[in-house]
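Architecture at a glance
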There are 2 protein chains.
Amino acid sequence: MEHLLNDMALFVEVVKAMSFRRAANATGVPNSTLSRRISALEKGIGLRLLHRTTRKIELTEAGQLYYERCKRIVEEARLAHEQLGEMLAQPSGVLRASLPVDFAVTFLAPLMPEFSSRYPGITFDFDLTPRRVDMVSEPFDVAIRMGESQDSNLIARQLARLPTYLYASPRYLELSGEPSEPTDLEQHECLNILKSGEWTLHKETQMTKVSVGSKFVINSVAMIRRLATLDMGIILMPKEIVADDLDNRRLRRVLPEWQGSPASVYAITETRLLPAKTRCFIEFLSEHLDKLCISTQY
Amino acid sequence: MEHLLNDMALFVEVVKAMSFRRAANATGVPNSTLSRRISALEKGIGLRLLHRTTRKIELTEAGQLYYERCKRIVEEARLAHEQLGEMLAQPSGVLRASLPVDFAVTFLAPLMPEFSSRYPGITFDFDLTPRRVDMVSEPFDVAIRMGESQDSNLIARQLARLPTYLYASPRYLELSGEPSEPTDLEQHECLNILKSGEWTLHKETQMTKVSVGSKFVINSVAMIRRLATLDMGIILMPKEIVADDLDNRRLRRVLPEWQGSPASVYAITETRLLPAKTRCFIEFLSEHLDKLCISTQY
DNA sequence: TTTAATTATGCCATTTATGGATTAATTATT
DNA sequence: AATAATTAATCCATAAATGGCATAATTAAA
């Protein structure tokens, strides 16, 4: 009793084909179903729409009237879906993203000129407030997170695994001595994001874990990096973050044979049913950050 | 995967209520169904339409766009159905009927002034060609038939059972003698529709059958009646048919204690799903012919 | 007139959707 | 801060729709 809308579409098909059978062939809906659905529609309305003879069908007066209306309605519905399809295919609209400021400044900013010119229809609304994984209540299209963000019922796609390296300022190393083995780090001030107590280091096939300590608990990469340039300790992070400091010799690499566990970058969305703008953004980031990984891996 | 059209309507309801629960209350569709149908719609389109939190829902960009389209489409569909509903309720249009000429002249014609003024929106297309029960191929809204017309898969509604009486011209009775018992009829020229050989006669609780013969096989009531007025035999028919002849003394009743089996009048339609014009016509005939039956029964 | 072809519908086993109660989760209230 | 209340999503037994096949009925062709 509530299939009226869909039956309308079937009715339009039958009338267009002027035959149940041809409509069945055209639509893939079996003729038994067509026949039953049209009958149900007629009963639902209370009027016969088609005069059926075994050889051909004709519209009744009511059917003629109804068809004219239905044709338009079904057509408009098709257009509505197509329009949404374009939204799926043609990236446009406002892209609302929540990102860590350090990721935005270091990785995203350099990619924006190309992205923006490739997808001129997209405008941007970036929120760099740290850690806001509300996603469900906040109207973000996507959030970028670094580290392991395993929030339940959110979709996390890994964009990159950035290799990390150890850095310190020349003056810090002068004062505290340069470590020559990973275990030496336990005697040093190791500035870490949050208060985790263990760094995993790799050298070719070797792997070792060192528990590291620090006076600081800080949730800002920029601040940790700034402290490192002020000779406050050793840091472990992707080289891109400290590229400037390396150029200016404010920092230099420590234990250059060793590297830390890659820092994962995730794009987090509330659903997999994404509009084109979001899909393109994530895809673009994934491609370009992947390149970055490969180019710096070795 | 093919419920898109109906899900559109549900989506509109949910958005109007801005809540699955309220939409469920408003529409009677359980919220579990709403939830599943909206999800199916989103998967079908490939885009999320609603941002759901446990406390409230919001439209996504795509949802906003889609809603504006859907609202209009659903509204138009509702209007289309209402318009057809009016067709059901407000009798109008051309009424195409096939009727026996004798029925039309004798019974229908006198009723037409009242019917026509009660339903001014109806115009008429009467076909008085004898016996055309095509119905399915011919675009008749209704056919009136007298006698027993038990055509399969056509809907026959009995409009009246008209009592029949025996009539003959005074001169015929002079020449052939006046029957005093039903069995006397077997010696007379009994003019009959078609070539049936038996008349069933009633007198209060008595019933008797007489086999009757005639030189004629005729399928026209008018012709039989004309022959009777020309002293050619005895006829058995409703009194209304011969009312004029009775007034003019061209015919008078024979065996006045006896009457024949009632002649049934049927309205035959192809379907029960009738537009108002047809329903009103049949209803009107039924009422007025019924009155006729009762008034003449005794 | 007979034959063949075409079409809508009835039937029934299978697939699919439904709906009431439960669950998980979040907001408003105390 | 903790509780209560409200809401959307999930589960599963039941109900309904589907689709392939057979049938009836009719027209076109032979």
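Quick look at the structure, then. For clarity, every value in this text was computed on a predicted model and none was experimentally measured.

Concerning the pairing of strand β3 (residues 93–98) of chain B
Residues and elements named next belong to chain B. Examined bridge by bridge, β3 and strand β4 (residues 122–127) share six bridges and lie parallel to one another. Each residue of the ladder has a partner; that of S98, found in β4, is D127. A crossover connection joins β3 to the parallel β4 through helix α5 (residues 101–118); in handedness this β-α-β unit is right-handed. With two bridges connecting them, β3 and strand β5 (residues 142–146) associate as parallel partners. Bridge pairing in β5 links S98 to A143.

Considering the interface of chain B and chain A
Contacts between chain B and chain A engage 44 residues on the former and 45 residues on the latter. For the pair chain B and chain A, the two sides together bury roughly 4300 Å², of which 62% comes from carbon and sulfur. The largest share of the area that chain B buries against chain A comes from B:L5, B:L84 and B:L273, three residues that together contribute 15% of it. If you look at where chain B meets chain A, you find five salt bridges. The salt bridge partner of A:K277 is B:E61, with a shortest N-O separation of 2.4 Å. Linking chain B to chain A there are twelve residue pairs in polar contact (both at pLDDT 80 or more). Among the secondary structure elements, those contributing two or more residues to the side of chain B that touches chain A are α1 (4–17), α3 (31–45), β1 (50–52), α4 (61–89) and β3 of chain B. The dominant element in the side of chain B that touches chain A, judged by the number of residues it contributes, is α4(B), at 16 residues. Counted by class, the side of chain B that touches chain A contains 21 nonpolar, ten polar and 13 charged residues.

Side note on the nonpolar core
Membership of the largest hydrophobic core comes to 63 residues, with the highest contact counts inside it found for A:F11, A:L50, A:Y66, B:F11, B:L50 and B:Y66. The contact partners of A:F11, leaving out residues within four places of it in the chain, are A:I38, A:L41, A:L49, A:L50, A:L59, A:G63, A:Y66, A:Y67 and A:C70.

Rules used throughout
- Residues numbered from 1 in each chain as written.
- Chains lettered and ligands numbered in written order.
- Predicted model: local features only at pLDDT ≥ 70, side-chain atom pairs only at ≥ 80, totals over all residues.
- Heavy atoms only, no water.
- Pairing = 2+ DSSP bridges.
- Helix = DSSP H or I, 4+ residues; strand = E, 2+ residues; numbered from the N terminus.
- Right-handed = clockwise from strand over helix to strand, strands pointing away.
- Contact = heavy atoms within 4.5 Å.
- Buried area = accessible area lost by both parts, 1.4 Å probe.
- Salt bridge = Lys/Arg side-chain N within 4 Å of Asp/Glu carboxyl O.
- Polar contact = N/O pair within 3.5 Å; in protein donor to acceptor, adjacent residues only side chain to side chain.
- Nonpolar A, V, L, I, M, F, W, Y, C, P; charged D, E, K, R; others polar.
- Core = buried A, V, L, I, M, F, W, Y, C linked by side-chain atoms within 4.5 Å.
- Buried < 20%, exposed > 50% of the residue type's maximum accessible area, 1.4 Å probe, protein only.

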